[in-house]
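Residues per chain, in single letters:
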Amino acid sequence: MRPYVLQGHTRPLNQVVFNAEGDLLVTCGKDSKINLWWADNGVRAGSFDGHNGVVWTVDMTYDSKVLLSAAGDSSARLWSMEDGSELFRFRFNEPARACRFSVGEKLAAVSTDPFMNSVSAIRLFNIAADPADQSAEEILNLTGPRGRITRLHWTDQNRTLLSSSEDGMVRRWDVETGKCLAEKQLHEKQVMDMQMSTDGTHFITASTDRTSKLVDTQTFEVLKEYKSAAPINSAAMSPIFDHVLIGGGQDAAAVTTTAAKAGYFEARFFHKVFQEEFAQARGHFSPINSVAFSPDGTSFVTGAEEGNVRLHHFDADYFQIGDRI
Amino acid sequence: MANVTLTAEEQHMFEGQPRGFPFGDFDLEDVMLPENDDMGIASDTDDDAQEEDVQAESGFANVLVVDNLPAVPPEKYEKLTAILTKIFSGPGRIREGGLFHPQDDSTKMSKGYAFVEYENAEQAKAALAALNGYQLDKAHKFAATLYDECDRIAKVPEEYAEPEDRHYTPGENLLDWLSDKRGRDQFVARYGDETEVCWNDAPKQQEESVYKRSFWTEAFVEWSPSGGVLATVHRQGVALWGGKSFGRLQRVGHPGVQRLLFSPCESYMLTFSEFPDNRGRPHFVAHVWEVRTGKRLRTFDGPHDEYAVGALARPDRGMRWPTFRWSGGVGGAPVFLAHMKKNAISVYEAPEMVMLDKKSVKLENIEDWEWSPNAADNTLVAYQAEQGNLPARVALVHLPGREELRQKNLFSVAGIKMTWHPEGDYLAVQVDKWTKTKKSTTTNFELFSIREKDIPIDMLELPNKSEKILQFAWEPRGSRFALLHGEGTRPSVSIYNMKDTKSSSGARGVVLLHTMTNKQCTSLHWSPSGRFLLLAGLGGGHNGVLEFWDTEEMTLLSAGEHFMAQEVQWDPTGRYVATIVNAAAAMENGFQIWSFSGQALYKTSHDRFFQLLWRPRPPSLLSGEKQREIVKNLRKYSKRYEEEDEALLAQADTEFLAERERQLSEWRQWVESRQAVAEAADAFARAQLGERFRSHEEFVVTEVEVSVVLDVKEEAVKH
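Residues numbered from 1 in each chain as written. Chains lettered and ligands numbered in written order. Predicted model: local features only at pLDDT ≥ 70, side-chain atom pairs only at ≥ 80, totals over all residues. Heavy atoms only, no water.

Enquirer: Which residues make up the overall build of chain A, and what values go with them?
Expert: Assigned secondary structure in chain A consists of 1 helix and 28 strands. Across the 325 residues of chain A, 59% fall into the buried class. Long-range pairs, those at least 24 residues apart, make up 43% of the contacts in chain A between residues at least 6 apart in sequence. On chain A, roughly 12800 Å² of surface is accessible, and the fraction owed to carbon and sulfur atoms is 46%. (Helix = DSSP H or I, 4+ residues; strand = E, 2+ residues; numbered from the N terminus. Buried < 20%, exposed > 50% of the residue type's maximum accessible area, 1.4 Å probe, protein only. Contact = heavy atoms within 4.5 Å. Areas by Shrake-Rupley, 256 points an atom, 1.4 Å probe, with all protein chains shown as cover.)

Here is the structure:
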């Protein structure tokens, strides 16, 4: 399982994501770049250039034609994945952080950070079938919570939105009325990542309070908890096995003060049910900021503070033992 | 609400205040707070009333009743009252009109008692002490009582009621933990706000909680020397706990207690605190307690400099701990508590705690001293510094007889360090001597063999005499010792034997067994049962590297690492050893348990880990002979235990598997219960995506060959 090291970013990675088919990989980072890679061999297929601020998150349409990105330059942009051109730009007065297409891609949600006089907000937009008809009109603006909103998910057949934020809370919003339907303090510190299971029944959170939690989407009940010795920045679930992958590591600011070994920069595999760590993947030399499984579960990718992305394809024996672990 | 418009200046003035509030013109007195809501501001008038209440109690705390006064006719009344006023105002000031000296209405004779009201309760108490039993004349001896007491006395029933028989309820067996069927050991761990006593269940590779309590202590906990009780230290004093349920056995009051010292027999305890007095000088208080009754036997209390002498003096004029040291109480030996003072050691014998033979043990110019750890010996070693023409001296003194067993004179001494063998069999004196130029020092060792006739002394010099000695460690229950010496981060470890095992007689003679150079080691830790030596590189720059050595075979059993480890603690049997990362380190807090041979057994992490202490065991009741016999026939006994262990492991395995099976089925049930939701979501996605939807099964990989014409060039071909 020799990984491909993808060196396309000069600054820390923010997110790594596969497309729905699993043949493409998109990475974005603090160097305001978005890169597109072939997932089977790690060759760069292209980039989306134009943002002039840190790109926090990206999302893709199901057919991998349009890419949505949210960036610190106070814009969210739609890109053509076929030729890399910018299709549309949503402008805000605040940095944009999380973005997500609804199921069916008729809507998109973008979160903006608290900035100057404005509080954090989730903004909903209609996404036109033809980019030429795209309007910047905000159809709904959800506000209320303190702290930045780090991730968004459409749930319950596009009727509700889940948000995770830096106050450690996960909230459910009604997209019709804009009301907060439920909220739960899942973590003591900020929730850095929230990834949905393939069937949408549960999700996994990652927090700097050094835990990662498996949560029931319906009830917000914590089903399982995974503990690490260092802050966790990202967590993903294998689509085929009961495996959980977490990535994190000692805060970048404190790295130089301790020995390299104390950093916990390995990507760690946990058994989803037994909550026990069973494997590690070394290689990064700074905290991992984002992890993702490919949709077919045959590979995983990690992106770290040092700017490297490591794309791992599992060996054949992983699939033999995977079930038994 | 009225619309208030503010000028720009005013707006600036009230910046940050809630809008719409007329800060411009309002009077604090006008503010009406909601009823029954103090807005978090406590009223000071309420408080005053309460305080007064407290002072008053019944209101008569300052009133004294004095009986047994002479009964006098009216003509003498004035005179007697004047005399009484004078007597009563001696110990305190009587309130105005506070003396009530009643007369009988019919006979006009004084009634023979009086009520005296003093200015406050303290004065009344002082007067009680002074006036009770005051002999006025031959016939009249005052009987004074506080008025509040009178009430109580009046309530005493006329008839004597037999007190109920108090049944003796036997306390819990304090040695209960020793009867564990599997012979496990306990330890106490303190982390976060929790204090927890656990079994070390090494075969199952986990700890098993015995008793856990939050906020059990405010400072630290400590086992007694034989593990009978656990002492928890609080702001108000020390509490002692024990038995199976860890109930409270005893508590003693010592505000601000900082340190704790048990006598080896666990019968007595010394508590110690040290604080700067109002002039900023350190001031200490030490109480000696009887553990079983909680009775205070004696209190030692400054002046400080009397105790802080020689090596025990700190630069800030305080004293180094332990200033007081216990000995004895084992094998019929008397229990002594001793401390050093100028030119002498004072020894007190428990439980009376009076100075032995009413005088200190005279030792001119004493610098440092140490009891033999073998409590039955009652022997101490004292180092007397050079003085004028008198050489420095190391002397062994036996108590209570004060006879000097052995002494050694030393010259040009720069410093001395005394290390007793844990059984008191040997004593090592490390002597740093000035070279002739007095610019540097060389080191040698004087080794006393206590158990041999006349206590012979061997001198040992290292090949390099000027090398720095980092640690000297005796092998418990053996005759070997290990030395950590050398400069820099990679010192050497040398192991010596006090008996020459090669010669047939096993005669005495210091033999170098082995030297290991270039070791990443900062401290040496012998197993309590001897033979096994753990070399540990603790603290910064060493990362907790560990080496487990067998000094019998002189082989490295195994090497390990507990990253960031700061402490090493062997269990009392020498079977297991714990390495600890405490809260001094920012991360990795917790402990790891190893077998004596260096096999990592299990690791437990706790945030803010403070303390791990193995529960000590009392000395074995078997005779030395019997113990040797068991060791000899170990195979015979061990078979049974091995079988037990295996059965246990098999059982643990099945338990473990059952638990996993349960977790797995629970998870599957949960997934099942969410099936409908998942299906609905899937159907919705299909409907939304329409023809774009492709499930992974429909996904087909096709190889496409693409040929692109890059360049076309015409060339003439010659035939």
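Still more ground to cover, so stick around.
Enquirer: Quick rundown of the overall build of chain B? Include the residues and the values.
Expert: Looking only at helices and strands, chain B features 8 helices and 41 strands. Across chain B, every contact between residues at least 6 apart in sequence was considered, and the portion connecting residues at least 24 apart equals 44%. Element-wise, carbon and sulfur atoms account for 50% of the exposed surface of chain B, whose accessible area totals about 42900 Å².

Enquirer: Can you tell me about the interface of chain A and chain B, naming the residues and giving the values?
Expert: Across the contact, 32 residues belong to chain A and 25 residues belong to chain B. Summing both partners gives a buried area of about 2800 Å² for chain A against chain B, and 59% of it is carried by carbon and sulfur. For chain A, the biggest contributors to the area lost against chain B are A:Tyr62, A:Gln157 and A:Phe274; these three give 22% of the whole. On inspection of chain A and its partner chain B, the count reaches 3 salt bridges. Note that A:Arg210 is salt-bridged to B:Asp607, the shortest N-O span being 3.0 Å. Inspection of the region where chain A meets chain B yields 5 residue pairs in polar contact (both at pLDDT 80 or more). (Buried area = accessible area lost by both parts, 1.4 Å probe. Salt bridge = Lys/Arg side-chain N within 4 Å of Asp/Glu carboxyl O. Polar contact = N/O pair within 3.5 Å; in protein donor to acceptor, adjacent residues only side chain to side chain.)

Enquirer: Residues and numbers for a negative patch on the surface, please.
Expert: Residue and element names in this part refer to chain B. Taken together, the side chains of Glu 642, Glu 643, Asp 645 and Glu 646 present a region of like negative charge at the surface. As for its position among the elements, Glu 643 is in helix α7 (residues 634–673). With a relative accessible area of 52%, Glu 643 lands in the exposed category. (Patch = residues over 30% accessible without salt bridge, like charges linked within 9 Å, V, L, I, M, F, W, Y side chains within 5 Å. Lys, Arg positive; Asp, Glu negative; His and termini not counted. Charge placed at Lys NZ, Arg CZ, Asp CG, Glu CD.)

Enquirer: Describe in detail the pairing of strand β15 (residues 296–301) of chain B, supporting the description with residues and values.
Expert: Of the strand pairs in this sheet, strand β14 (residues 282–290) of chain B and β15(B) are connected by 5 bridges, and their pairing is antiparallel. Residue pairing for β15(B): B:Trp289 is matched across the bridge by B:Arg296. (Pairing = 2+ DSSP bridges.)

Enquirer: Tell me what's going on with α7(B), and back it up with residues and numbers.
Expert: With 40 residues, α7(B) extends 57 Å from end C-alpha to end C-alpha; this agrees with the ideal 58 Å at 1.5 Å per step. Turning to α7(B), its buried residues are B:Leu648, B:Ala652, B:Gln663, B:Leu664, B:Trp667 and B:Trp670. Buried-residue contacts for α7(B) involve β19 (202–207), β20 (211–216), β21 (222–227) and β24 (267–271) of chain A. (Expected span 1.5 Å × (residues − 1).)

Enquirer: Could you give an account of the environment of B:Val510, with specific residues and numbers?
Expert: Residue and element names in this part refer to chain B. Tracing the sequence through the fold places Val 510 in strand β32 (residues 508–516). In this structure Val 510 comes out as partly exposed when scored by relative accessible area, which is 26%. Distance in space between the C-alpha atoms of Val 510 and Met 459 is 8.5 Å, their sequence separation being 51 residues. Setting aside chain neighbours within four positions, we find Val 510 in contact with Leu 447, Asp 458, Leu 460, Phe 481, Tyr 496, Asn 497 and Met 498.

Enquirer: How would you summarise unusual backbone geometry if you had to cite specific residues and measurements?
Expert: Residues and elements named next belong to chain B. Between Ala 350 and the following residue, Pro 351, the backbone shows a cis peptide bond with an omega angle of 0°. Following the sequence through the fold, Pro 351 ends up in the loop between β18 (344–349) and β19 (354–355). Cis geometry marks the peptide bond from Leu 399 to Pro 400, where omega comes out at 5°. Relative to the elements of secondary structure, Pro 400 occurs in the loop between β23 (392–398) and β24 (403–410). Non-glycine residue Glu 266 carries a positive phi angle of around 70°. Residue class for Glu 266 comes out buried when judged on its relative accessible area of 17%.

Enquirer: Describe the pattern of salt bridges, with residues and values.
Expert: Tallying each qualifying case throughout the model produces 44 salt bridges over all chains. As a salt-bridge pair, A:Arg100 and A:Asp59 come within 3.7 Å of each other at their nearest N and O atoms. With A:Arg100 in strand β10 (residues 96–101) and A:Asp59 in strand β6 (residues 55–60), the pair connects residues that are 41 residues apart, well separated along the chain. Under the relative-accessibility criterion, A:Asp59 is labelled buried at 13%. Measuring nitrogen to oxygen at the nearest pair gives 2.9 Å for the salt bridge that ties B:Glu208 to B:Arg184. Of this pair, B:Glu208 sits in strand β7 (residues 206–214) while B:Arg184 sits in the loop between α5 (147–154) and β5 (186–191), placing them 24 residues apart in sequence. The buried category is assigned to B:Arg184, whose relative accessible area is 10%.

Enquirer: Requested: an account of the packing of aromatic side chains, with residues and values cited.
Expert: Residue and element names in this part refer to chain A. Taken as a whole, this structure holds 50 aromatic pairs over all chains when the rule is applied. Note on Phe 92 and Phe 125: the rings are 6.1 Å apart at their centroids and 45° apart in plane angle, and the pair reads as tilted. Residue Phe 92 is located in the loop between β9 (86–91) and β10, and its partner Phe 125 is located in strand β12 (residues 121–126); the two are separated by 33 residues in the primary sequence. Each member of the pair Phe 92 and Phe 125 is classed as buried. Ring centres of Phe 293 and Phe 314 lie 6.2 Å apart, and the angle between their planes is 25°; on these two criteria the pair is classed as stacked. (Phe/Tyr/Trp six-rings, centres within 6.5 Å; stacked < 30°, edge-to-face > 60°.)

Enquirer: Kindly report on the sheet that holds β9(A), identifying the contributing residues and their values.
Expert: Residues and elements named next belong to chain A. Read from one edge to the other, the open sheet built from 4 strands follows the order β6-β7-β8-β9, with strand pairing classed as antiparallel. Two strands lie at the open edges of the sheet, namely β6 and β9, each paired on one side alone. For this sheet, the mean inter-axis angle between neighbouring strands, taken without regard to orientation, is 20°. As defined by bridge partners, β6 adjoins strand β7 (residues 66–71) across 5 bridges and the pair is classed as antiparallel. If you follow Asp 59 over to β7, its bridge partner there is Leu 68. (Axes fitted to C-alpha atoms, helices over the stretch in contact; angles between N-to-C directions.)

Enquirer: For the side chain of A:Glu94, give the residues involved together with the corresponding values.
Expert: Residue and element names in this part refer to chain A. With respect to the secondary-structure elements, Glu 94 resides in the loop between β9 and β10. In terms of polar contacts, Glu 94 uses its side chain to reach the side chain of Ser 118, at 2.9 Å. Excluding residues within four positions of it along the chain, Glu 94 makes contact with Ser 74, Thr 112, Asp 113, Phe 115, Ser 118 and Arg 123.

Enquirer: Could you give an account of the sheet that holds β7(B), with specific residues and numbers?
Expert: Residue and element names in this part refer to chain B. Strand order in the open sheet made by the 4 strands is β7-β6-β5-β41, with antiparallel pairing throughout. The open sheet is flanked by β7 and β41 (609–614), the only strands paired with a single partner. Direction aside, neighbouring strands of the sheet carry axes that sit 20° apart on average. Taken together, the 6 bridges between β5 and strand β6 (residues 194–201) define a ladder with antiparallel strand orientation. Within β6, the residue paired with Gln 186 across the bridge is Trp 199.

Enquirer: Help me get a handle on the pairing of strand β27 (residues 441–449) of chain B, residues and values and all.
Expert: For a regular strand, side-chain orientation follows a simple rule: the groups alternate between the two sheet faces. The element β27(B) is largely enclosed, with a buried count of 7 among its 9 residues. Adjacent in sequence and paired antiparallel, strand β26 (residues 426–434) of chain B and β27(B) are bridged by 6 residues, among which B:Lys438 carries a positive phi angle near 65°.

Enquirer: Describe the environment of B:Ile450, and please don't skip the residues or the numbers.
Expert: Residues and elements named next belong to chain B. Among the structural elements, Ile 450 can be located in the loop between β27 and β28 (457–461). Along the backbone, Ile 450 and Gly 424 are 26 residues apart, and their C-alpha atoms lie at a distance of 7.4 Å. Not counting the four nearest positions on each side in its chain, Ile 450 is found in contact with Leu 396, Trp 420, Gly 424, Asp 425, Tyr 426, Leu 427 and Ile 455.

Enquirer: Break down a nonpolar patch on the surface for me, with residues and values.
Expert: Residue and element names in this part refer to chain B. The grouping of Val 704, Val 706, Val 708 and Leu 710 at the surface amounts to a nonpolar patch, some 490 Å² of accessible area in total. Take Val 704: it is sitting in the segment after α8 (675–689). For Val 704, a relative accessible area of 65% corresponds to the exposed category.

Enquirer: Any chance you could break down the environment of B:Val210 for me, citing the residues and the numbers?
Expert: Residues and elements named next belong to chain B. Here Val 210 shows up in strand β7. Val 210 sits in the partly exposed class, given a relative accessible area of 30%. Other than its neighbours up to four places away in sequence, Val 210 contacts Gln 186, Val 197, Cys 198, Trp 199 and Phe 246.

Enquirer: An account of the side chain of A:Thr217 is requested, with residue identities and associated values reported.
Expert: All names here are of chain A. Relative to the helices and strands, Thr 217 is located in the loop between β20 and β21. Under the relative-accessibility criterion, Thr 217 is labelled buried at 2%. A distance of 2.8 Å separates a polar side-chain atom of Thr 217 from the backbone oxygen of Thr 201. What Thr 217 contacts, discounting residues up to four positions off in sequence, is Thr 155, Leu 162, Arg 172, Met 196, Gly 200, Thr 201, His 202 and Phe 203.

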